[in-house]
Amino acid sequence: MTDQSNDIQTEYNKLKDQLKTWSRQYYQEDSPSVEDHVYDMSYRRLQEIEASHPDLIDSDSPTQNVGGQTLPGFNKVNHEIPMLSLGDVFSEEELKDFIDRLDKNYPEINEYNCELKIDGLAISLRYENGILVQGSTRGNGTIGEDITNNLKTIESIPQKLTRPIDIEVRGECYMPKSSFVKLNEQREKDGESVFANPRNAAAGSLRQLDSKVTAHRKLSTFMYNVANYDDLETNTQAGLLEELKDLGFTINPTYRVIKNMDDVHDYIEYYTQRRDELSYGIDGIVIKENDLSLQEQIGTTVKVPKWAIAYKFPPEEVETKLLDIEWTV
Ligand code: NAD
């Protein structure tokens, strides 16, 4: 091994370990020690190293696994159809490249659905005959935590659908900004540690062994996906949202079907300016191929769908603390 490849291997291992530590604090302990942007930039660096040195890619790399592990104390739920993460971009140029690439590879694409990226955590709800029988977290994507009783305390989650169907519906559970402020004020008064952000507060509140605690935390949901498209009548992402609404779910009404990058730009501008007025936190925009059969054709990697991408907002306060590593490439 040359000195240079030795350096890269060292940097790679160091980065991987650091990202795993941050992931444990974020997903298991609901207590991140760095801003998301710091995590994202280090993750990006890991991706760059893997792209230029594919021989280094380890199966335990954060790029190969959906973050999150199950907590002890909860029964485990097997996600027969995995719950994936999302690829991300951090500028409109990168977003345009993503869309151009997809349009080139799939000329039949003619529209995308833009949605807000809700800053919460992914949940899955399974209904039999229209009755809620199980609710779970994403966990590591294939094994999540059974949090049925906790989810049943959330008002926006229907316990009975408008039709007696079998369906598994997926979406985001979040803590409204007002509940977050109240919760932290109360915790401060009680001498307890405060949550770093509404996302971690929502995660901590959902993974409670006592569902009365969850009930007090005033969580809410927006659903945006189903495990199996065969359970739907529609064939578009926008239609899927409307079908979920008809079944009794709360969907986020701000979605917009768009044709090209100019439309995406307008959507991003619009919600960047109005972000603070929303009663819930968002950390970006998600752009999804609108046609569900094309989504299936385009497929997924082990970690993310290839037919969607998250555009992440720039950090509100840029933290200068970056990983103490000498960049060698
Ligand atoms: P992600 O949060 O970046 O994106 C994927 C998730 O977006 C989905 O699983 C879903 O839960 C959510 N989502 C919200 N709205 C959606 C919509 N409309 N459509 C589809 N999905 C929607 O990815 P992740 O894997 O959950 O988490 C990784 C991110 O978590 C990192 O990019 C980083 O920002 C953060 N993180 C931070 C730390 C830290 O220490 N600060 C550590 C680990 C992870």
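**Q** Outline the sheet that holds strand β11 (residues 308–312), supporting the account with residue identities and numerical values.
**A** Overall, mixed pairing links the five strands, which are arranged β2-β11-β10-β3-β9 in an open sheet. Taken across any chain shown, the strands that pair with only one partner, and hence form the sheet edges, are β2 (88–89) and β9 (256–258). Direction of pairing for strand β3 (residues 112–118) relative to β9: antiparallel, over a ladder of three bridges. The residue bridging C114 from the neighbouring strand is R256, located in β9. Lying on the sheet, helix α3 (residues 92–105) is in contact with β2, β3, β10 (282–289) and β11; it crosses β11 at an angle near 170 degrees.

**Q** Can you tell me about the nonpolar core, naming the residues and giving the values?
**A** A general trend in soluble globular proteins is that nonpolar side chains are found buried together. Counting residues in each nonpolar core, the largest one holds 69 residues, and the members touching the most others are L95 and I287. Sequence-distant contacts of L95, that is, excluding residues within four places in its chain, are made with V89, M261, V264, I268, I287, I309 and Y311.

**Q** Describe the pairing of β3, and please don't skip the residues or the numbers.
**A** Taking burial as the measure, the seven residues of β3 include seven buried ones, the bulk of the element. Taken together, the seven bridges between β3 and β10 define a ladder with antiparallel strand orientation. Of the residues in β10, the one forming a bridge with L116 is I285.

**Q** An account of the packing of aromatic side chains is needed here, citing residue identities and associated values.
**A** Tallied over the entire structure, the rule returns nine aromatic pairs. Aromatic side chains Y311 and F313 sit 6.2 Å apart centroid to centroid with 85 degrees between the ring planes, which places their arrangement in the edge-to-face category. Owing to a relative accessible area of 7%, F313 belongs among the buried residues under this scheme. An aromatic cluster is defined as three or more aromatic residues linked by ring pairs; in this entry it consists of Y174, F222 and Y280. We note R256 situated over the ring of Y270; from NZ or CZ to the ring centre the distance is 5.6 Å.

**Q** Tell me about the site of the ligand, and name the residues and values.
**A** Close to the ligand lie 25 residues; D40, S85, E172, K288 and K312 are nearest. In the model, an oxygen atom of the ligand is placed 2.7 Å from a nitrogen or oxygen of the S85 side chain. E115 places a polar side-chain atom, nitrogen or oxygen, 3.0 Å from a nitrogen atom of the ligand. Against a free-state accessible area of 820 Å², the protein chains account for coverage of 92% of the ligand. Of all elements in the fold, only α1 (3–28), α2 (36–52), β3 and β10 reach the threshold of two or more residues within the shell around the ligand. Split by residue class, the shell around the ligand holds 13 nonpolar, two polar and ten charged.

**Q** Describe the confidence of the model for the protein, with residues and values.
**A** For the protein, mean pLDDT is 93; residues scoring 70 or higher make up 96% of the total. Ignoring residues within four places in sequence, the model shows residues 318–329, a span with pLDDT below 50, making 26 contacts including any to other chains. Reported confidences for the modelled complex are a pTM of 0.94 and an ipTM of 0.98.

**Q** Report on the pairing of strand β5 (residues 131–137), specifying residues and quantitative values.
**A** The buried fraction of β5 is high, at five of seven residues. Sheet topology places strand β4 (residues 121–128) next to β5; six bridges connect them, and they run antiparallel. Bridging from a neighbouring strand, R126 pairs with Q134 of β5. Taken together, β4 and the strand that follows it, β5, pair antiparallel across an intervening segment of two residues, in which N129 is found at a positive phi of about 55 degrees.

**Q** Go over the pattern of salt bridges with me, naming the residues and quoting the values.
**A** Two side chains carrying opposite charge are able to pair once their charged atoms lie near each other. A full pass over the atoms with the stated rule returns 20 salt bridges. The partner of E115 in a salt bridge is K288, with the nearest N and O atoms 2.9 Å apart. Remark: K288 occurs in strand β10 and E115 occurs in strand β3; sequence separation between them is 173 residues. Just as E115 is buried, K288 falls in that class too. Across the pair E128 and R126 runs a salt bridge, and its minimum N-O distance is 2.8 Å. Residue class for E128 comes out partly exposed when judged on its relative accessible area of 40%. R126 gets classed as partly exposed once you look at its relative accessible area, which sits at 29%.

So, how was this worked out
- Think of each chain on its own: its residues are numbered from 1, step by step along the sequence as written.
- At least 70 in pLDDT is required for a residue's local features to be given in this predicted model, at least 80 for side-chain atom pairs to be given and counted, and no such filter applies to totals for whole chains, interfaces and linings, which use all residues.
- For the side-chain quantities, the full set of heavy atoms in the structure was used; hydrogens and water were omitted.
- At least two DSSP bridges between two strands are required for those strands to pair.
- Helix numbers and strand numbers start at the N terminus; a helix is a DSSP run of H or I with at least 4 residues, a strand a run of E with at least 2.
- We call two residues in contact when some of their heavy atoms are within 4.5 Å.
- To obtain each axis, a line is fitted to C-alpha atoms, and for helices this fit is confined to the stretch in contact; angles are then taken between N-to-C directions over 0 to 180 degrees.
- Nonpolar cores were defined as sets of buried Ala, Val, Leu, Ile, Met, Phe, Trp, Tyr and Cys residues, with membership established by side-chain atoms within 4.5 Å.
- To sort residues, take the accessible area from a 1.4 Å probe on protein chains only and compare it with the maximum for the residue type: under 20% means buried, over 50% means exposed, and anything in between is partly exposed.
- Side-chain rings of Phe, Tyr and Trp (the six-membered ring for Trp) are treated as a pair once their centres are within 6.5 Å; stacked means planes under 30 degrees apart, edge-to-face means over 60, and tilted covers the remaining angles.
- For a Lys NZ or an Arg CZ to count as sitting over a ring, it must be within 6 Å of the ring centre and within 35 degrees of the ring normal.
- Proximity is defined per residue: any heavy atom of the residue falling within 4 Å of a molecule or strand makes that residue near it.
- Polar contact is the term for a pair of N or O atoms within 3.5 Å; when the atoms are in protein, one must be able to donate a hydrogen and the other to accept it, and sequence-neighboring residues count only if both atoms are side-chain atoms.
- A 1.4 Å probe and the Shrake-Rupley method give the accessible areas. Residues count as covered only by the protein chains that appear here.
- Classes in brief: Ala, Val, Leu, Ile, Met, Phe, Trp, Tyr, Cys and Pro nonpolar; Asp, Glu, Lys and Arg charged; the others, Gly included, polar.
- Within a predicted model, pLDDT stands for the predictor's per-residue confidence, ranging from 0 to 100.
- Within this document, salt bridges are pairs made up of a side-chain nitrogen of Lys or Arg and a carboxyl oxygen of Asp or Glu, the two lying within 4 Å of each other.

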